[in-house]
Each structure stands twice: as C-alpha cells, then as structure tokens.
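Analysis of the macromolecular model
Below are the chains, spelled out letter by letter.
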There are 2 protein chains.
Amino acid sequence: MAVNFKNKESVLEVKPWEKVGEPNTIIQIHDKRIVMRKFKNPRTNKVEEFYQFGTTPYACIILPLNTDNEVLAVKQFRHGADKILLELPGGNPKTPEQTPEEVAEEELFEESLGHRAEKIIKLNSEPLWFNPATFITPFHAFLALGCRQTEESFKLDQGEYLELTKIPLKKWLAMCTSGKIVDAKSMAVTFLALDNIGLKIT
Amino acid sequence: MAVNFKNKESVLEVKPWEKVGEPNTIIQIHDKRIVMRKFKNPRTNKVEEFYQFGTTPYACIILPLNTDNEVLAVKQFRHGADKILLELPGGNPKTPEQTPEEVAEEELFEESLGHRAEKIIKLNSEPLWFNPATFITPFHAFLALGCRQTEESFKLDQGEYLELTKIPLKKWLAMCTSGKIVDAKSMAVTFLALDNIGLKIT
C-alpha cells in the first residue's frame, strides 16, 4: 500500500477484523503451538490467514513484597534467552479450572520458595500481552503484599531450578529503569503496581 | 523434584545450561518458527530438548515524543490479542544487515506516519525479552526526542492499517500505570525511558 502522508494522522480508520471459523492448530509440541486463525479484512472483505504462537490459556506474573519491603525476585536460567535472568515470579495454570487468583497464589508460593502473602491484589482488569501481534497467550498481573516465609513444603515444576533474591523495592525500581532487569513482563507488572504501593512518577 | 523448604533461599544454586549442537527449526511459516534447542542440564549432565518460538532476529520498540511533549502512539488491530490496541511504534528488521538503530528510525518514520526525530537514544545495553522462557527473539528499546511531522511519503507494510494518536506524556504514563495500556513491551520501554526524560519514581 503506497501512502502519501501530508500531515495525515491516520492511514484509513482502524476497524476490528472479524474472526472467521475456528482456530486451527498447525503444530503442538508439549504446551507450545502455532495456531492459524482467519480474519476478514474490514477494508477488502477478503479472509486472511494469521499464524500465531500460543502456550497455556494465560499466565500470571506477581510482584511480591515481603514485610521488609523487599521484592522477592527469582533468578533462573532461561532457555529462550539462553542466560540467567532475574524476573518476578510467575507461571501458568496447571489445570483448565484454575483461576488467575489461584495460579498467582500457587506460583508465588512455589517460586518464592515458600512465601505466603497477607493480601494479593489483581492489578489488571483487561488482559495484558507479551506481544499482541503474534502471541495469543495473555497474562494477568498481581501484587502480593506482606509476604512471609512459611515452613510448608511443596513440589517445584520439573527442571525448575531457582534462587530467591530479596531486593529492596527502591533498588528493584532502579534496576528496572536502568536496564538491569531485561524481562519486559516483570517491568510491566512493576509499572502497573506503582499506584498500589503509593509511588508516583514525577 | 520434591523439596522441603525450611527457610531456604535457593533450590540448588542456579547455573547456566550449555547449548549442545545447532538449533533445529521444527516448523517455519512466514516469519514464525518453532525451534528445538538442546541444553545440557548442569545438575544431571543430561541433554534436554527445549521448544521455543522465534520470529525475526530481533525487534525494536520506540517511545517517540514530539516537540509538544506528546507520545506518538499507534492504534492498530492486533491479530494475536484479537482487538484494537494502543502501543508504541515498533517493528522488525526487513533485511539481515539492518542495525537496531536503522530499524528504529525506519519504524518510527513509518508507524508515526511520517515523523522524524531530532535525536534517537538507545535505552538498553542488554537485549530485552518479551518472554525469556519461551521466545528467542529479543527486542531493543529506543527513545525518540523532538519528533516532527515531515512531508515525506513512504510505503507501509502490507496490511498495516494504523491511526496515530498523540497523547500528552503525563497522560500516557497514567495510562500505563492504570492498566489502560495493556501491551507489556510498550510499558517496559516507557519505564526504561523515565531517567532520560527527567522523570523519577518517588
């Protein structure tokens, strides 16, 4: 589409595309799949095919603060990034029935190596997106306040090796704004939690 | 792995996994692929297979501010999220030779419908990750200052319909912290730009 922009503020008004038929899973390996979905182009009325990535129905990411106002961050080797990274705890539903709130509580407990929160607050009303162009799995953001270590034992997911790192909140924020944290979902969830932890951007 | 956590702060020390052999593309459809990579588990010395998503070698996301201190945001229908979303401009290299700086300049120009910046600043030194567990494509973050509409014309990517939305910076930040912006990469890049635009979290 060749477009001549003369102080225009849009290239044709944006309209929703209507989904056509059912999604078609092209390939599925463990929990990873490529799905083909058809949408009708609202300009041309032609049906077009889109290939997208999907995993579980959704994911949950949690910003946990303990009673010393430290962020409970998780250090893990990440096979997609091919390096050890520091991230917020998070994970996926293990059964189709699990609600985001249940997943958040469970993942916080497991990935913080046994912490429980006094209060867990859901931060988003609309689903959040890792990459809304290509990835059909959304995520939900939670803030866990008043986290305390418990003595309960549990089972980690297979192959999940992790270290818990306690980082003072102010330092965690500085790590997010200075590029030391490189995980976009952890940064986004922290950003979304600012209001609830009484912080402002000035 | 059953683990009994008694005030422990780690489940075995985190070590890097060594990549074994070459990545194997299981399927590729247009620019989307599932890649199998083998890594040696540093605990067991067993070689394990990981299936990961990949697109182009990297992506670039830009926070553009115009001379009125407005964010140039892009409204688009997103087929992964299946809805119209407001995001920062961004995109992928069109040729293997393109540097992140060149991609950022080009995508800013195209997606802001003809704006050019006075100055473009790369915000990250390490690559950023949409989802470092499963997605091998990283992204780079840029801040574009002093953006001005030009009269130059150009070609948008096929099927790219978008509206440019100019949002005062303070309002954009409030949209990020209140959950009105739901695109994690846009939120992460905004967070990373705070220092450079003289804003602080207090």
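Numbering of residues starts from 1 in every chain and runs along the sequence as written. Labels are handed out in written order, letters beginning with A for the chains and numbers beginning with 1 for the ligands. Residues qualify for local features only when their pLDDT is at least 70, as the model is predicted, and side-chain atom pairs are given and counted only at 80 or more; totals for whole chains, interfaces and linings, by contrast, use all residues. Neither water nor hydrogens contribute to the side-chain values; these are computed over all heavy atoms in the structure.

1. Observations concerning the domain arrangement of chain A
All names here are of chain A. Domain ranges listed in this record stem from an automatic or a database domain assignment. Partitioning chain A into domains gives domain 1 (18-54) and domain 2 (59-197). For domain 1 and domain 2, the distance between their C-alpha centroids amounts to 30 Å. Pairs of N or O atoms within 3.5 Å make up the polar contacts considered here, provided that, within protein, one atom can donate a hydrogen while the other can accept it, and that residues adjacent in sequence are counted only when both atoms are side-chain atoms. The interface formed by domain 1 and domain 2 includes two residue pairs in polar contact (both at pLDDT 80 or more). Amino acids are sorted into nonpolar (Ala, Val, Leu, Ile, Met, Phe, Trp, Tyr, Cys and Pro), charged (Asp, Glu, Lys and Arg) and polar (every other residue, Gly among them). Per-class residue counts for the side of domain 1 that touches domain 2 are two nonpolar, two polar and two charged.

2. Observations regarding the nonpolar core
Among the nonpolar cores identified, the biggest contains 88 residues, and Leu63(A), Trp172(A), Leu63(B) and Trp172(B) are the most heavily contacted of them. In what follows, residue pairs with any heavy atoms lying within 4.5 Å of each other are defined as contacts. In contact with Leu63(B), other than residues within four places in its own chain, are Val71(B), Leu88(B), Phe142(B), Leu143(B), Ala144(B), Trp172(B), Val189(B), Thr190(B), Ala193(B) and Ile197(B). Remark: nonpolar core denotes a set of buried residues (Ala, Val, Leu, Ile, Met, Phe, Trp, Tyr, Cys) joined through side-chain atoms within 4.5 Å. For the exposure calls, accessible area comes from a 1.4 Å probe over protein chains only, and a residue counts as buried if that area is under 20% of its type's maximum, exposed if over 50%, partly exposed in between.

3. Considerations on the pattern of salt bridges
In the sections that follow, a salt bridge refers to a side-chain nitrogen of Lys or Arg positioned within 4 Å of a carboxyl oxygen of Asp or Glu. Throughout the structure, instances matching the rule amount to 24 salt bridges over all chains. Across the pair Lys94(B) and Glu106(B) runs a salt bridge, and its minimum N-O distance is 3.0 Å. A residue pair is termed long-range when its members are at least 10 positions apart, and Lys94(B) in the loop between strand 9 (90-91) and helix 1 (100-111) and Glu106(B) in helix 1 qualify at twelve residues. What makes Glu106(B) partly exposed here is its relative accessible area of 24%. For Lys94(B), the salt bridge goes to Glu110(B), with nearest N and O atoms at 3.2 Å. Taken together, the positions of Lys94(B) in the loop between strand 9 and helix 1 and Glu110(B) in helix 1 put the pair 16 residues apart, joining distant regions of the chain. Salt bridges here are not isolated pairs; linked through shared partners, they connect Arg78(A), Glu87(A), Asp183(A) and Lys185(A). To qualify as a helix, a DSSP run of H or I must reach at least 4 residues; to qualify as a strand, a run of E must reach at least 2; elements of each kind are numbered from the N terminus.

4. As for the interface of chain A and chain B
Counting residues at the interface gives 98 residues for chain A and 98 residues for chain B. Throughout, buried area stands for the accessible area (probe radius 1.4 Å) lost by two parts on being put together, summed over both. Broken down residue by residue, the surface that chain A buries against chain B is led by His79(A), Tyr161(A) and Phe191(A), which jointly contribute 9%. A salt bridge links Glu126(B) to Lys83(A), with the nearest nitrogen and oxygen atoms 3.4 Å apart. The tally of links from chain A across to chain B stands at 29 residue pairs in polar contact (both at pLDDT 80 or more). When residues in the side of chain A that touches chain B are grouped by element, the largest group, seven residues, is from helix 3 (residues 184-193) of chain A. Among the residues making up the side of chain A that touches chain B, the classes are represented as 48 nonpolar, 24 polar and 26 charged.

5. A look at the sheet that holds strand 5 (residues 47-54) of chain A
Residues and elements named next belong to chain A. In this scheme, strands are said to pair when DSSP sees at least two bridges between them. The strand order across the open sheet formed by three strands is 3-4-5, and the pairing between neighbours is antiparallel. Looking at the sheet topology across the chains shown, the edges are occupied by strand 3 (18-29) and strand 5. Neighbour to neighbour, the strand axes of the sheet diverge by 20° on average, direction disregarded. Relative to strand 4 (residues 32-40), strand 3 runs antiparallel, the two sharing eight bridges. From the neighbouring strand, glutamate 18 faces strand 4, where its bridge partner is lysine 40. Each axis is a line fitted through C-alpha atoms, taken for helices only over the stretch in contact, and angles between the N-to-C directions span 0 to 180 degrees.

6. Some thoughts on the sheet that holds strand 3 (residues 18-29) of chain B
Residue and element names in this part refer to chain B. What the three strands build is an open sheet, ordered 3-4-5; its pairing is antiparallel. The sheet is open, and its two edges are formed by strand 3 and strand 5 (47-54), each paired on a single side. Averaged over all neighbouring strand pairs, the angle between strand axes comes to 20°, with direction disregarded.

7. A few points about the environment of Ala81(A)
Residue placement: Ala81(A) occurs in the loop between strand 7 (70-78) and strand 8 (83-87). Judged by relative accessible area, which is 7%, Ala81(A) ranks as buried. For the pair Ala81(A) and Asp183(A), spaced 102 residues apart in the sequence, the C-alpha separation amounts to 9.8 Å. Once you skip the residues sitting within four places of it in the chain, Ala81(A) turns out to touch Trp129(B) and Pro132(B).

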